[in-house]
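Observations on chain architecture
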There are 2 protein chains.
Amino acid sequence: MALSQSIEDYLKSIYEIESKHENVTTSSLSEKLNVAPASVTSMIKKLSEKKLVTHKKYQGVKLTNSGLKVALEIIRHHRLVELYLKEALGVPWDQVHEEAEKWEHVLSEDLEDRIDEYLGHPTSDPHGSPIPDRNGNMIERDSRNLIEVSPGAKVIIAEVSDHNPELLRYFGKMGLYPETEVKIISIEPFQGPITLVVKGEEYSIGREAAKYISVVEADA
Amino acid sequence: MALSQSIEDYLKSIYEIESKHENVTTSSLSEKLNVAPASVTSMIKKLSEKKLVTHKKYQGVKLTNSGLKVALEIIRHHRLVELYLKEALGVPWDQVHEEAEKWEHVLSEDLEDRIDEYLGHPTSDPHGSPIPDRNGNMIERDSRNLIEVSPGAKVIIAEVSDHNPELLRYFGKMGLYPETEVKIISIEPFQGPITLVVKGEEYSIGREAAKYISVVEADA
DNA sequence: ATATATTTTTAGCCGTGTCTAAATATTTTA
DNA sequence: TAAAATATTTAGACACGGCTAAAAATATAT
(Lines give C-alpha, C1' and ligand atoms only; values in the text may rest on other atoms or scores of the structure.)
Protein backbone atom coordinates (compact mmCIF):
# COMPACT_ATOMS: atom_id res chain seq x y z
CA MET A 1 0.00 0.00 0.00
CA ALA A 2 2.87 2.39 0.66
CA LEU A 3 3.46 4.49 -2.41
CA SER A 4 6.85 5.34 -3.86
CA GLN A 5 8.28 8.81 -3.58
CA SER A 6 7.94 9.08 -7.33
CA ILE A 7 4.23 8.36 -7.26
CA GLU A 8 3.78 10.87 -4.45
CA ASP A 9 5.60 13.50 -6.48
CA TYR A 10 3.43 12.89 -9.51
CA LEU A 11 0.22 13.10 -7.50
CA LYS A 12 1.35 16.31 -5.85
CA SER A 13 2.21 17.86 -9.21
CA ILE A 14 -1.09 16.79 -10.70
CA TYR A 15 -2.88 18.41 -7.80
CA GLU A 16 -0.91 21.61 -8.19
CA ILE A 17 -1.70 21.87 -11.89
CA GLU A 18 -5.36 21.03 -11.30
CA SER A 19 -5.60 23.73 -8.68
CA LYS A 20 -4.54 26.33 -11.25
CA HIS A 21 -7.62 25.19 -13.21
CA GLU A 22 -5.41 23.91 -16.00
CA ASN A 23 -5.68 20.64 -17.86
CA VAL A 24 -3.09 18.19 -16.56
CA THR A 25 -1.30 17.10 -19.72
CA THR A 26 1.64 14.83 -20.31
CA SER A 27 3.76 17.82 -21.27
CA SER A 28 2.80 19.95 -18.27
CA LEU A 29 3.80 17.11 -15.96
CA SER A 30 6.93 16.47 -17.97
CA GLU A 31 7.97 20.07 -17.53
CA LYS A 32 7.02 20.34 -13.87
CA LEU A 33 8.74 17.12 -12.87
CA ASN A 34 11.68 17.49 -15.21
CA VAL A 35 11.26 14.09 -16.80
CA ALA A 36 10.80 13.06 -20.43
CA PRO A 37 7.22 12.98 -21.76
CA ALA A 38 7.53 9.25 -22.37
CA SER A 39 8.31 8.74 -18.70
CA VAL A 40 5.16 10.62 -17.76
CA THR A 41 3.08 8.45 -20.06
CA SER A 42 4.30 5.29 -18.41
CA MET A 43 3.77 6.68 -14.93
CA ILE A 44 0.27 7.79 -15.86
CA LYS A 45 -0.43 4.23 -16.87
CA LYS A 46 0.69 3.04 -13.46
CA LEU A 47 -1.28 5.70 -11.58
CA SER A 48 -4.31 4.78 -13.62
CA GLU A 49 -3.96 1.09 -12.80
CA LYS A 50 -3.73 2.00 -9.13
CA LYS A 51 -6.91 4.05 -9.51
CA LEU A 52 -5.17 7.20 -8.34
CA VAL A 53 -6.02 9.07 -11.54
CA THR A 54 -8.40 8.71 -14.44
CA HIS A 55 -7.01 8.97 -17.91
CA LYS A 56 -8.21 8.85 -21.47
CA LYS A 57 -5.50 8.61 -24.06
CA TYR A 58 -4.35 11.93 -25.47
CA GLN A 59 -6.55 13.76 -22.96
CA GLY A 60 -5.24 14.87 -19.60
CA VAL A 61 -5.45 13.11 -16.27
CA LYS A 62 -7.61 13.84 -13.26
CA LEU A 63 -7.10 12.78 -9.66
CA THR A 64 -9.58 10.28 -8.30
CA ASN A 65 -10.78 10.68 -4.74
CA SER A 66 -8.07 8.39 -3.47
CA GLY A 67 -5.43 10.14 -5.56
CA LEU A 68 -6.58 13.47 -4.19
CA LYS A 69 -6.37 12.13 -0.68
CA VAL A 70 -2.75 11.12 -1.18
CA ALA A 71 -1.86 14.43 -2.84
CA LEU A 72 -3.35 16.43 0.01
CA GLU A 73 -1.55 14.31 2.56
CA ILE A 74 1.79 15.05 0.91
CA ILE A 75 0.97 18.72 0.54
CA ARG A 76 0.01 18.82 4.20
CA HIS A 77 3.39 17.31 5.05
CA HIS A 78 5.19 19.75 2.81
CA ARG A 79 3.55 22.87 4.16
CA LEU A 80 3.67 21.84 7.79
CA VAL A 81 7.36 21.06 7.43
CA GLU A 82 8.05 24.37 5.72
CA LEU A 83 6.44 26.28 8.53
CA TYR A 84 8.04 24.12 11.18
CA LEU A 85 11.53 24.60 9.79
CA LYS A 86 11.04 28.35 9.74
CA GLU A 87 9.47 28.60 13.19
CA ALA A 88 11.43 26.01 15.12
CA LEU A 89 14.81 26.11 13.46
CA GLY A 90 14.94 29.50 11.83
CA VAL A 91 15.44 28.21 8.31
CA PRO A 92 15.04 31.20 5.95
CA TRP A 93 11.87 31.19 3.92
CA ASP A 94 13.70 30.76 0.63
CA GLN A 95 15.23 27.47 1.81
CA VAL A 96 12.31 25.72 3.48
CA HIS A 97 10.85 24.48 0.22
CA GLU A 98 13.85 22.45 -0.80
CA GLU A 99 14.16 20.85 2.61
CA ALA A 100 10.44 20.07 2.78
CA GLU A 101 10.59 18.55 -0.68
CA LYS A 102 12.60 15.69 0.78
CA TRP A 103 11.20 15.46 4.29
CA GLU A 104 7.56 15.35 3.17
CA HIS A 105 8.01 11.79 1.91
CA VAL A 106 9.39 10.32 5.11
CA LEU A 107 7.25 12.03 7.73
CA SER A 108 5.25 9.65 9.92
CA GLU A 109 1.69 10.38 10.90
CA ASP A 110 2.77 10.62 14.50
CA LEU A 111 5.42 13.22 13.79
CA GLU A 112 3.03 15.09 11.52
CA ASP A 113 0.66 15.38 14.48
CA ARG A 114 3.39 16.51 16.83
CA ILE A 115 4.53 19.21 14.44
CA ASP A 116 0.95 20.32 13.87
CA GLU A 117 0.46 20.50 17.62
CA TYR A 118 3.72 22.40 18.15
CA LEU A 119 2.65 24.98 15.59
CA GLY A 120 -0.84 25.29 17.04
CA HIS A 121 -2.70 23.78 14.09
CA PRO A 122 -1.64 26.40 11.57
CA THR A 123 -3.68 27.08 8.44
CA SER A 124 -1.00 28.48 6.14
CA ASP A 125 2.68 28.02 5.39
CA PRO A 126 5.45 30.65 5.10
CA HIS A 127 4.49 31.38 1.51
CA GLY A 128 0.84 31.84 2.33
CA SER A 129 -0.31 28.51 0.93
CA PRO A 130 -3.11 26.89 2.91
CA ILE A 131 -2.26 23.82 4.97
CA PRO A 132 -4.86 21.06 4.59
CA ASP A 133 -6.03 19.53 7.86
CA ARG A 134 -5.90 15.78 8.44
CA ASN A 135 -9.09 15.35 6.46
CA GLY A 136 -7.80 17.34 3.51
CA ASN A 137 -9.87 20.44 4.24
CA MET A 138 -8.28 23.83 3.93
CA ILE A 139 -9.12 27.49 3.77
CA GLU A 140 -8.99 28.50 0.13
CA ARG A 141 -9.06 32.23 -0.33
CA ASP A 142 -10.44 33.91 -3.39
CA SER A 143 -7.21 35.47 -4.56
CA ARG A 144 -6.15 36.98 -7.84
CA ASN A 145 -2.85 37.77 -9.42
CA LEU A 146 -1.07 40.97 -8.47
CA ILE A 147 -0.96 42.10 -12.09
CA GLU A 148 -4.77 42.05 -12.25
CA VAL A 149 -5.22 44.64 -9.52
CA SER A 150 -6.40 48.13 -10.43
CA PRO A 151 -3.95 50.94 -9.72
CA GLY A 152 -4.82 52.79 -6.56
CA ALA A 153 -6.16 49.72 -4.79
CA LYS A 154 -4.91 48.46 -1.47
CA VAL A 155 -4.58 44.68 -1.29
CA ILE A 156 -3.10 42.06 0.99
CA ILE A 157 -0.56 39.53 -0.21
CA ALA A 158 -2.14 36.09 -0.03
CA GLU A 159 0.44 33.79 -1.50
CA VAL A 160 3.88 33.81 -3.03
CA SER A 161 5.29 31.03 -5.19
CA ASP A 162 7.75 28.95 -3.20
CA HIS A 163 9.83 27.46 -6.00
CA ASN A 164 12.52 30.06 -6.68
CA PRO A 165 14.76 30.90 -3.70
CA GLU A 166 16.31 33.88 -5.47
CA LEU A 167 12.90 35.35 -6.18
CA LEU A 168 11.90 34.81 -2.56
CA ARG A 169 14.97 36.63 -1.31
CA TYR A 170 14.12 39.47 -3.67
CA PHE A 171 10.57 39.63 -2.32
CA GLY A 172 11.88 39.38 1.22
CA LYS A 173 14.10 42.42 0.79
CA MET A 174 11.02 44.48 -0.04
CA GLY A 175 8.99 42.95 2.77
CA LEU A 176 6.62 41.27 0.35
CA TYR A 177 5.45 38.55 2.73
CA PRO A 178 1.99 36.97 3.00
CA GLU A 179 -0.51 39.07 4.97
CA THR A 180 1.37 42.26 4.17
CA GLU A 181 -0.70 45.15 2.88
CA VAL A 182 0.47 46.75 -0.33
CA LYS A 183 -0.88 49.69 -2.29
CA ILE A 184 -0.68 49.47 -6.04
CA ILE A 185 0.45 52.78 -7.49
CA SER A 186 0.64 51.97 -11.19
CA ILE A 187 0.87 49.18 -13.69
CA GLU A 188 2.65 50.36 -16.80
CA PRO A 189 1.44 49.09 -20.17
CA PHE A 190 3.56 47.11 -22.65
CA GLN A 191 4.62 44.60 -19.99
CA GLY A 192 5.86 47.52 -17.93
CA PRO A 193 6.65 47.47 -14.23
CA ILE A 194 4.23 47.48 -11.32
CA THR A 195 4.86 50.23 -8.80
CA LEU A 196 3.66 49.60 -5.28
CA VAL A 197 4.07 50.76 -1.71
CA VAL A 198 5.00 48.33 1.06
CA LYS A 199 5.23 49.62 4.60
CA GLY A 200 5.75 53.17 3.40
CA GLU A 201 8.43 52.27 0.88
CA GLU A 202 7.87 52.47 -2.86
CA TYR A 203 9.15 49.78 -5.21
CA SER A 204 8.86 48.96 -8.89
CA ILE A 205 8.90 45.32 -9.85
CA GLY A 206 8.70 43.62 -13.24
CA ARG A 207 5.73 41.63 -14.52
CA GLU A 208 7.72 38.41 -14.49
CA ALA A 209 8.22 38.66 -10.73
CA ALA A 210 4.73 40.05 -10.03
CA LYS A 211 3.16 36.98 -11.64
CA TYR A 212 4.30 34.95 -8.66
CA ILE A 213 2.34 37.00 -6.15
CA SER A 214 -1.36 36.58 -5.53
CA VAL A 215 -3.45 38.93 -3.45
CA VAL A 216 -6.81 39.32 -1.71
CA GLU A 217 -8.85 42.43 -0.89
CA ALA A 218 -7.56 44.49 2.01
CA ASP A 219 -9.77 44.34 5.10
CA ALA A 220 -12.10 47.26 5.34
CA MET B 1 28.66 11.93 -6.16
CA ALA B 2 25.48 11.71 -4.13
CA LEU B 3 25.07 8.18 -2.82
CA SER B 4 21.85 6.22 -2.80
CA GLN B 5 19.97 5.53 0.39
CA SER B 6 20.80 1.89 -0.06
CA ILE B 7 24.53 2.54 -0.20
CA GLU B 8 24.28 4.74 2.86
CA ASP B 9 22.46 1.98 4.71
CA TYR B 10 25.08 -0.58 3.81
CA LEU B 11 27.93 1.67 4.91
CA LYS B 12 26.21 2.43 8.20
CA SER B 13 25.63 -1.26 8.87
CA ILE B 14 29.21 -2.11 8.00
CA TYR B 15 30.38 0.54 10.43
CA GLU B 16 28.12 -0.77 13.17
CA ILE B 17 29.37 -4.33 12.77
CA GLU B 18 32.98 -3.18 12.62
CA SER B 19 32.54 -1.21 15.82
CA LYS B 20 31.52 -4.38 17.62
CA HIS B 21 34.97 -5.69 16.57
CA GLU B 22 33.35 -8.34 14.45
CA ASN B 23 34.27 -9.38 10.94
CA VAL B 24 31.83 -7.88 8.46
CA THR B 25 30.65 -10.88 6.49
CA THR B 26 28.10 -11.29 3.75
CA SER B 27 25.81 -13.10 6.13
CA SER B 28 26.08 -10.56 8.94
CA LEU B 29 25.11 -7.81 6.53
CA SER B 30 22.41 -9.98 5.04
CA GLU B 31 20.88 -10.45 8.45
CA LYS B 32 21.27 -6.87 9.61
CA LEU B 33 19.82 -5.36 6.44
CA ASN B 34 17.22 -8.04 5.88
CA VAL B 35 18.26 -8.79 2.34
CA ALA B 36 19.35 -12.02 0.67
CA PRO B 37 23.06 -12.89 0.84
CA ALA B 38 23.29 -12.70 -2.94
CA SER B 39 22.07 -9.11 -2.81
CA VAL B 40 24.80 -8.29 -0.34
CA THR B 41 27.43 -9.78 -2.59
CA SER B 42 26.37 -7.61 -5.49
CA MET B 43 26.23 -4.48 -3.37
CA ILE B 44 29.67 -5.25 -1.96
CA LYS B 45 30.94 -5.35 -5.52
CA LYS B 46 29.51 -1.90 -6.13
CA LEU B 47 30.87 -0.46 -2.87
CA SER B 48 34.23 -1.90 -3.73
CA GLU B 49 34.21 -0.31 -7.17
CA LYS B 50 33.37 3.01 -5.58
CA LYS B 51 36.31 2.54 -3.21
CA LEU B 52 34.06 2.77 -0.18
CA VAL B 53 35.11 -0.66 1.11
CA THR B 54 37.89 -3.12 0.52
CA HIS B 55 36.95 -6.71 -0.16
CA LYS B 56 38.65 -10.00 -0.80
CA LYS B 57 36.38 -12.76 -1.96
CA TYR B 58 35.05 -15.00 0.77
CA GLN B 59 36.64 -12.73 3.39
CA GLY B 60 34.76 -9.85 4.94
CA VAL B 61 34.71 -6.20 3.93
CA LYS B 62 36.33 -3.20 5.59
CA LEU B 63 35.46 0.46 5.24
CA THR B 64 38.02 2.61 3.46
CA ASN B 65 38.65 6.11 4.76
CA SER B 66 36.09 7.55 2.42
CA GLY B 67 33.58 4.83 3.28
CA LEU B 68 34.11 5.56 6.97
CA LYS B 69 33.56 9.24 6.37
CA VAL B 70 30.20 8.57 4.74
CA ALA B 71 29.17 6.12 7.47
CA LEU B 72 29.97 8.59 10.22
CA GLU B 73 28.10 11.33 8.43
CA ILE B 74 24.95 9.20 8.31
CA ILE B 75 25.39 8.10 11.90
CA ARG B 76 25.77 11.74 12.91
CA HIS B 77 22.52 12.50 11.14
CA HIS B 78 20.79 9.58 12.76
CA ARG B 79 21.84 10.36 16.29
CA LEU B 80 21.32 14.10 16.06
CA VAL B 81 17.85 13.50 14.69
CA GLU B 82 17.02 11.00 17.43
CA LEU B 83 17.97 13.47 20.11
CA TYR B 84 16.29 16.35 18.34
CA LEU B 85 12.99 14.50 18.02
CA LYS B 86 13.04 13.64 21.69
CA GLU B 87 14.06 17.10 22.89
CA ALA B 88 12.17 19.33 20.51
CA LEU B 89 9.06 17.33 19.77
CA GLY B 90 8.79 14.95 22.68
CA VAL B 91 8.95 11.79 20.62
CA PRO B 92 9.33 8.87 23.06
CA TRP B 93 12.75 7.25 23.05
CA ASP B 94 11.48 3.97 21.67
CA GLN B 95 10.17 5.69 18.55
CA VAL B 96 12.99 8.04 17.63
CA HIS B 97 15.05 5.34 15.95
CA GLU B 98 12.48 4.48 13.33
CA GLU B 99 11.87 8.11 12.47
CA ALA B 100 15.60 8.88 12.29
CA GLU B 101 16.13 5.87 10.06
CA LYS B 102 14.27 7.69 7.32
CA TRP B 103 15.16 11.31 8.03
CA GLU B 104 18.91 10.66 8.23
CA HIS B 105 19.08 10.21 4.46
CA VAL B 106 17.44 13.48 3.50
CA LEU B 107 18.96 15.86 6.04
CA SER B 108 20.87 18.77 4.50
CA GLU B 109 24.16 19.97 5.94
CA ASP B 110 22.55 23.26 6.79
CA LEU B 111 19.74 21.66 8.75
CA GLU B 112 22.19 19.32 10.44
CA ASP B 113 24.06 22.39 11.67
CA ARG B 114 20.92 24.09 12.87
CA ILE B 115 19.84 21.03 14.81
CA ASP B 116 23.30 20.63 16.28
CA GLU B 117 23.22 24.27 17.33
CA TYR B 118 19.73 23.97 18.80
CA LEU B 119 20.84 21.02 20.90
CA GLY B 120 24.04 22.76 22.01
CA HIS B 121 26.46 20.45 20.19
CA PRO B 122 25.47 17.31 22.03
CA THR B 123 27.83 14.36 22.32
CA SER B 124 25.38 11.51 22.80
CA ASP B 125 21.92 10.46 21.65
CA PRO B 126 18.93 9.27 23.72
CA HIS B 127 20.30 5.73 23.81
CA GLY B 128 23.72 6.84 24.96
CA SER B 129 25.44 6.37 21.61
CA PRO B 130 28.10 8.98 20.88
CA ILE B 131 27.33 11.59 18.23
CA PRO B 132 30.26 12.15 15.86
CA ASP B 133 31.13 15.79 15.25
CA ARG B 134 31.36 17.20 11.73
CA ASN B 135 34.84 15.73 11.38
CA GLY B 136 33.75 12.29 12.48
CA ASN B 137 35.32 12.51 15.93
CA MET B 138 33.39 11.27 18.92
CA ILE B 139 33.82 10.39 22.54
CA GLU B 140 34.12 6.62 22.72
CA ARG B 141 33.80 5.32 26.23
CA ASP B 142 35.40 2.14 27.42
CA SER B 143 32.21 0.27 28.18
CA ARG B 144 31.46 -3.36 28.81
CA ASN B 145 28.35 -5.46 28.73
CA LEU B 146 26.08 -5.49 31.76
CA ILE B 147 26.36 -9.25 32.06
CA GLU B 148 30.13 -8.95 32.53
CA VAL B 149 29.88 -6.86 35.67
CA SER B 150 30.77 -8.42 39.05
CA PRO B 151 27.91 -8.66 41.52
CA GLY B 152 28.12 -5.93 44.11
CA ALA B 153 29.53 -3.36 41.73
CA LYS B 154 27.98 0.00 41.03
CA VAL B 155 28.08 1.01 37.39
CA ILE B 156 26.57 3.64 35.11
CA ILE B 157 24.55 2.77 32.05
CA ALA B 158 26.48 3.93 29.01
CA GLU B 159 24.43 2.74 26.11
CA VAL B 160 21.26 0.85 25.28
CA SER B 161 20.53 -0.75 21.92
CA ASP B 162 18.06 1.37 19.97
CA HIS B 163 16.58 -1.24 17.65
CA ASN B 164 13.74 -2.78 19.61
CA PRO B 165 11.01 -0.38 20.74
CA GLU B 166 9.39 -2.94 23.01
CA LEU B 167 12.67 -3.58 24.77
CA LEU B 168 13.20 0.16 25.16
CA ARG B 169 9.79 0.61 26.74
CA TYR B 170 10.64 -2.25 29.10
CA PHE B 171 13.90 -0.57 30.06
CA GLY B 172 12.14 2.76 30.38
CA LYS B 173 9.65 1.42 32.89
CA MET B 174 12.56 0.48 35.15
CA GLY B 175 14.34 3.78 34.59
CA LEU B 176 17.21 2.09 32.78
CA TYR B 177 18.33 5.15 30.85
CA PRO B 178 21.87 6.17 29.89
CA GLU B 179 23.80 7.89 32.69
CA THR B 180 21.71 6.17 35.33
CA GLU B 181 23.60 4.49 38.15
CA VAL B 182 22.71 0.87 38.85
CA LYS B 183 23.99 -1.52 41.46
CA ILE B 184 24.36 -5.14 40.42
CA ILE B 185 23.08 -7.42 43.12
CA SER B 186 23.50 -10.82 41.54
CA ILE B 187 23.97 -12.64 38.28
CA GLU B 188 22.51 -16.10 38.48
CA PRO B 189 24.35 -18.91 36.70
CA PHE B 190 22.87 -21.11 33.96
CA GLN B 191 21.74 -18.07 31.93
CA GLY B 192 19.86 -16.91 35.01
CA PRO B 193 18.55 -13.43 35.66
CA ILE B 194 20.53 -10.33 36.66
CA THR B 195 19.22 -8.60 39.74
CA LEU B 196 19.96 -4.91 40.07
CA VAL B 197 18.91 -1.77 41.88
CA VAL B 198 17.87 1.35 39.99
CA LYS B 199 16.97 4.46 41.97
CA GLY B 200 16.21 2.40 45.06
CA GLU B 201 14.06 -0.13 43.26
CA GLU B 202 15.15 -3.71 42.73
CA TYR B 203 14.53 -5.53 39.46
CA SER B 204 15.46 -8.85 37.91
CA ILE B 205 15.98 -8.96 34.18
CA GLY B 206 16.88 -11.80 31.85
CA ARG B 207 20.20 -12.25 30.09
CA GLU B 208 18.62 -11.69 26.71
CA ALA B 209 17.57 -8.18 27.68
CA ALA B 210 20.72 -7.42 29.67
CA LYS B 211 22.85 -8.11 26.61
CA TYR B 212 21.54 -4.90 25.11
CA ILE B 213 22.86 -2.70 27.90
CA SER B 214 26.46 -1.60 28.18
CA VAL B 215 27.93 0.12 31.20
CA VAL B 216 30.93 2.09 32.44
CA GLU B 217 32.46 2.40 35.92
CA ALA B 218 30.54 4.58 38.33
CA ASP B 219 32.30 7.86 39.13
CA ALA B 220 34.28 7.70 42.36
C1' DA C 1 -9.54 20.53 -46.14
C1' DT C 2 -5.27 19.25 -46.30
C1' DA C 3 -0.56 19.75 -45.03
C1' DT C 4 2.38 20.82 -41.24
C1' DA C 5 3.52 21.15 -36.55
C1' DT C 6 2.91 19.62 -32.00
C1' DT C 7 1.72 16.35 -28.51
C1' DT C 8 1.35 11.84 -26.85
C1' DT C 9 2.19 7.12 -26.95
C1' DT C 10 4.72 2.88 -28.07
C1' DA C 11 8.81 0.19 -28.30
C1' DG C 12 12.88 -0.96 -26.56
C1' DC C 13 16.88 0.01 -23.65
C1' DC C 14 19.40 1.00 -19.16
C1' DG C 15 20.90 1.31 -14.12
C1' DT C 16 19.51 0.23 -9.42
C1' DG C 17 18.59 -2.98 -6.02
C1' DT C 18 16.28 -6.81 -5.08
C1' DC C 19 15.29 -12.03 -5.57
C1' DT C 20 15.94 -17.50 -6.27
C1' DA C 21 18.52 -21.38 -7.69
C1' DA C 22 22.70 -23.37 -8.55
C1' DA C 23 27.72 -23.53 -8.31
C1' DT C 24 31.83 -22.92 -5.67
C1' DA C 25 34.64 -22.02 -1.70
C1' DT C 26 35.41 -22.46 3.17
C1' DT C 27 34.73 -24.38 7.67
C1' DT C 28 33.44 -27.95 10.74
C1' DT C 29 32.97 -32.56 12.13
C1' DA C 30 33.50 -37.28 12.20
C1' DT D 1 41.78 -35.74 6.23
C1' DA D 2 37.80 -36.67 3.88
C1' DA D 3 32.90 -35.92 4.15
C1' DA D 4 29.30 -32.96 5.47
C1' DA D 5 27.61 -28.58 6.60
C1' DT D 6 27.76 -23.74 5.98
C1' DA D 7 28.95 -19.45 3.66
C1' DT D 8 29.65 -16.96 -0.46
C1' DT D 9 29.41 -16.05 -5.15
C1' DT D 10 27.58 -16.50 -9.87
C1' DA D 11 23.85 -16.62 -13.12
C1' DG D 12 19.74 -15.10 -14.49
C1' DA D 13 15.31 -12.88 -13.52
C1' DC D 14 12.28 -8.97 -12.08
C1' DA D 15 10.09 -4.37 -10.70
C1' DC D 16 10.94 0.40 -10.76
C1' DG D 17 11.57 4.71 -12.93
C1' DG D 18 14.08 6.81 -15.88
C1' DC D 19 15.81 7.47 -21.11
C1' DT D 20 15.77 7.97 -26.69
C1' DA D 21 13.83 7.21 -31.15
C1' DA D 22 10.06 6.41 -33.86
C1' DA D 23 5.05 5.95 -34.61
C1' DA D 24 0.48 7.66 -34.03
C1' DA D 25 -2.90 10.95 -32.73
C1' DT D 26 -4.32 15.68 -32.24
C1' DA D 27 -4.04 20.57 -33.14
C1' DT D 28 -2.79 24.45 -36.12
C1' DA D 29 -2.12 26.92 -40.26
C1' DT D 30 -2.31 27.67 -45.02
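Presented here is a report on the structure given in the accompanying data block. (Residues numbered from 1 in each chain as written. Chains lettered and ligands numbered in written order. Predicted model: local features only at pLDDT ≥ 70, side-chain atom pairs only at ≥ 80, totals over all residues. Heavy atoms only, no water.)

Before going further, it helps to examine the protein's contact with DNA strand D. The local shell around DNA strand D holds 20 residues, among which Ser4, Ser6 and Lys46 of chain A together with Ser27 and Lys57 of chain B are the closest. In DNA strand D, atoms within 4 Å of the protein come 80% from sugar and phosphate. Contact between DNA strand D and Lys57 of chain B: a phosphate oxygen at 2.4 Å from a side-chain N or O atom of the residue. Of all the secondary-structure elements, those providing two or more residues to the surface near DNA strand D are helix 1 (5-18) and helix 3 (37-49) of chain A together with helix 2 (26-33) and helix 3 (37-49) of chain B. When residues in the surface near DNA strand D are grouped by element, the largest group, four residues, is from helix 3 of chain A. Here the surface near DNA strand D is composed, by residue class, of nine nonpolar, nine polar and two charged. (Near = heavy atom within 4 Å. Polar contact = N/O pair within 3.5 Å; in protein donor to acceptor, adjacent residues only side chain to side chain. Helix = DSSP H or I, 4+ residues; strand = E, 2+ residues; numbered from the N terminus. Nonpolar A, V, L, I, M, F, W, Y, C, P; charged D, E, K, R; others polar.)

Residues and elements named next belong to chain A. Summarising burial for strand 8 (residues 213-217): four of the five residues are buried, a large majority. Two elements, strand 3 (residues 144-145) and strand 8, share two bridges in a ladder whose sense is antiparallel. The residue bridging Asn145 from the neighbouring strand is Ser214, located in strand 8. Bridge analysis of strand 4 (residues 154-160) against strand 8 gives five bridges, and the strand direction is antiparallel. Each bridged residue has a counterpart across the sheet, and for Ile156 the counterpart in strand 8 is Val216. (Buried < 20%, exposed > 50% of the residue type's maximum accessible area, 1.4 Å probe, protein only. Pairing = 2+ DSSP bridges.)

Another aspect to go through is the sheet that holds strand 8 of chain A. Sheet strands line up and pair through hydrogen bonds in the backbone, either parallel or antiparallel. Residue and element names in this part refer to chain A. With respect to topology, six strands assemble into an open sheet ordered 3-8-4-5-6-7, the strand pairing being antiparallel. In this open sheet, the two edge strands, each paired with only one partner strand, are strand 3 and strand 7 (201-205). Sitting on the sheet, helix 7 (residues 165-174) touches strand 4, strand 6 (194-198), strand 7 and strand 8, and the angle it makes with strand 7 is about 155°. (Contact = heavy atoms within 4.5 Å. Axes fitted to C-alpha atoms, helices over the stretch in contact; angles between N-to-C directions.)

What follows deals with the interface of chain A and chain B. Reports of interface size often rely on the accessible area that becomes lost once the parts have come together. On the chain B side, the residues contacting the 19 residues of chain A number 19 residues. Where chain A abuts chain B, roughly 1,500 Å² becomes buried across the two surfaces, and 59% of that area is made up of carbon and sulfur atoms. Of all residues in chain A, the largest losses of buried area upon contact with chain B belong to Leu89, Val106 and Arg114 of chain A, amounting jointly to 35% of the total for that side. Viewed at the interface, chain B and chain A are joined by zero salt bridges. For the pair chain A and chain B, the interface holds nine residue pairs in polar contact (both at pLDDT 80 or more). Elements supplying a minimum of two residues to the side of chain A that touches chain B: helix 4 (65-89), helix 5 (96-103) and helix 6 (109-118) of chain A. When residues of the side of chain A that touches chain B are assigned to their parent elements, the largest contribution, five residues, is made by helix 6 of chain A. The class makeup of the residues in the side of chain A that touches chain B is twelve nonpolar, three polar and four charged. (Buried area = accessible area lost by both parts, 1.4 Å probe. Salt bridge = Lys/Arg side-chain N within 4 Å of Asp/Glu carboxyl O.)

With the rule as written, the count across this model stands at nine aromatic pairs over all chains. For the ring pair Tyr84 of chain B and Trp103 of chain B, a centre distance of 6.5 Å and an interplane angle of 65° mean the geometry is edge-to-face. Of the two residues, Tyr84 of chain B sits in helix 4 (residues 65-89) while Trp103 of chain B sits in helix 5 (residues 96-103), which places them 19 residues apart along the sequence. Each residue in the set Tyr84, Trp103 and Tyr118 of chain A together with Tyr84, Trp103 and Tyr118 of chain B is aromatic and connected to the rest through ring pairs, giving one cluster. (Phe/Tyr/Trp six-rings, centres within 6.5 Å; stacked < 30°, edge-to-face > 60°.)

In this section: the relation of the copies chain A and chain B. Superposition of the two copies of the chain requires a rotation about an axis together with a shift along that axis. Between chain A and chain B, the superposition needs a rotation of 180° and an axial shift of 0.0 Å, giving an RMSD of 0.1 Å. Such a turn and shift between the copies fits a two-fold axis. Closest approach to the rotation axis within chain A is made by the C-alpha atom of Trp103 of chain A, at a distance of 3.4 Å. Residue by residue, 100% of the interface of chain A is reproduced at the interface of chain B, so both copies engage with the same surface. (Least-squares fit on C-alpha atoms with pLDDT ≥ 70 in both.)

So, about the protein's contact with DNA strand C. Surveying the vicinity of DNA strand C reveals 21 residues, the closest of which are Ser27 and Lys57 of chain A together with Ser4, Ser39 and Lys46 of chain B. Sugar and phosphate atoms represent 77% of those atoms of DNA strand C found within 4 Å of the protein. At 2.6 Å, a side-chain N or O of Lys46 of chain B approaches a phosphate oxygen of DNA strand C. Mapped by element, the contributors of at least two residues to the surface near DNA strand C are helix 2 (26-33) and helix 3 of chain A together with helix 1 (5-18) and helix 3 of chain B.

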